[in-house]
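Residues per chain are reported as follows:
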Amino acid sequence: ETGGWELSGSIQLASWLALGGGYSKLEGEFDSDDDNEPDSDLGARDIGPDRLSLSLDITPAGRFSGSVQAFTFFDKSFHNAVGAETANFDGYTSVDAVIAADLDDTTVSLSISNLFDEQYITYFGQAATTADSLYYAGRGRTVTLRAATVF
């Protein structure tokens, strides 16, 4: 059995400024002893952690625009039928930002993923596997400069 809910929305704070967000909550259980009653949590491979996203979009008149987004993945524990913990996830928050300039036929953007260089182990690496070879860190701060033009 799986269930949950997701809520998302946005509000235009000014003609050039919008705030958005969303929250997702997931739960799941299964019948581990075939008695037709769910008694154990679904594993981390089957269901993700609760998560929150927030965004701020800035689009003033003129050539420049930008946005900042934050994603939080919350702690989650998984238990079997007798209540013993079978997996655990320590959540994390990552913030991304982008600024773009519209230069007539060319758009130039500078984006930074994981702006604050948050050190974390991925959800899969922490909770969905016991293989040491799959226990790996998430990406550190990444800076990308892009240019797109129309011919």
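Moving on, we get to the pattern of salt bridges. For the structure on display, the rule yields three salt bridges. The shortest N-O distance in the salt bridge between Asp50 and Lys25 comes to 3.1 Å. Of this pair, Asp50 sits in the loop between β3 (40-41) and β4 (51-58) while Lys25 sits in strand β2 (residues 17-30), placing them 25 residues apart in sequence. Overall, the relative accessible area of 11% leaves Asp50 in the buried class. One network of salt bridges, in which partners are shared, links Lys25, Glu27 and Asp50.

Moving on to the packing of aromatic side chains. Overall, the coordinates contain six aromatic pairs when judged by the stated rule. Look at Tyr92 and Tyr120: their rings are 3.9 Å apart centre to centre, the planes differ by 15 degrees, and that puts the pair in the stacked class. Remark: Tyr120 occurs in the loop between β9 (106-113) and α1 (123-128) and Tyr92 occurs in strand β8 (residues 92-103); sequence separation between them is 28 residues. An identical accessibility class is assigned to Tyr92 and Tyr120; each is buried.

Here we take up the environment of Ala137. Examined against the element boundaries, Ala137 turns out to sit in the loop between α1 and β10 (142-149). In contact with Ala137, other than residues within four places in its own chain, are Tyr120, Ile121 and Thr122.

Right, let's talk about the side chain of Asp50 for a bit. A distance of 3.2 Å separates the side chain of Asp50 from the backbone nitrogen of Leu26, its partner in a polar contact. Other than its neighbours up to four places away in sequence, Asp50 contacts Tyr23, Ser24, Lys25, Leu26, Thr72, Phe73, Phe74 and Lys76.

Moving on to a nonpolar patch on the surface. A cluster of nonpolar side chains, contributed by Phe64, Ile99, Leu110, Val143 and Leu145, occupies part of the molecular surface with about 500 Å² of accessible area. Among the structural elements, Leu110 can be located in strand β9.

Moving on, we come to the nonpolar core. One finds Leu42, Ala44, Ile47, Phe78, Ala87, Phe89, Tyr92, Tyr120, Tyr123, Ala127 and Ala128 forming the largest nonpolar core, which totals eleven residues. For this core, the secondary structure elements donating two or more residues are β7 (85-89) and α1. With three residues, the single largest contributor to this core is α1. Those residues in contact with Tyr120 that lie beyond four places of it in its chain are Tyr92, Asn114, Ala137, Gly138 and Arg139.

Once that is clear, we can look at the side chain of Lys76. Tracing the sequence through the fold places Lys76 in strand β6 (residues 76-79). It is Asp50 that comes nearest to the buried, bridge-free Lys76 among opposite-charge side chains, at 4.2 Å. Reaching out from Lys76, the side chain makes a polar contact with the backbone oxygen of Leu26 at a distance of 3.0 Å. Excluding its chain neighbours within four sequence positions, the residues that come into contact with Lys76 are Leu26, Ile47, Gly48, Pro49, Asp50, Ala87, Asn88 and Phe89.

Moving on, we get to the environment of Val82. Relative to the elements of secondary structure, Val82 occurs in the loop between β6 and β7. Exposure remark for Val82: the relative accessible area of 75% places this residue in the exposed category. Distance in space between the C-alpha atoms of Val82 and Val150 is 62 Å, their sequence separation being 68 residues.

Criteria and thresholds
- Residues numbered from 1 in each chain as written.
- Predicted model: local features only at pLDDT ≥ 70, side-chain atom pairs only at ≥ 80, totals over all residues.
- Heavy atoms only, no water.
- Salt bridge = Lys/Arg side-chain N within 4 Å of Asp/Glu carboxyl O.
- Helix = DSSP H or I, 4+ residues; strand = E, 2+ residues; numbered from the N terminus.
- Buried < 20%, exposed > 50% of the residue type's maximum accessible area, 1.4 Å probe, protein only.
- Phe/Tyr/Trp six-rings, centres within 6.5 Å; stacked < 30°, edge-to-face > 60°.
- Contact = heavy atoms within 4.5 Å.
- Polar contact = N/O pair within 3.5 Å; in protein donor to acceptor, adjacent residues only side chain to side chain.
- Patch = residues over 30% accessible without salt bridge, like charges linked within 9 Å, V, L, I, M, F, W, Y side chains within 5 Å.
- Areas by Shrake-Rupley, 256 points an atom, 1.4 Å probe, with all protein chains shown as cover.
- Core = buried A, V, L, I, M, F, W, Y, C linked by side-chain atoms within 4.5 Å.
- Lys, Arg positive; Asp, Glu negative; His and termini not counted.

Honestly, that's just the spatial picture; any functional story needs more than this.
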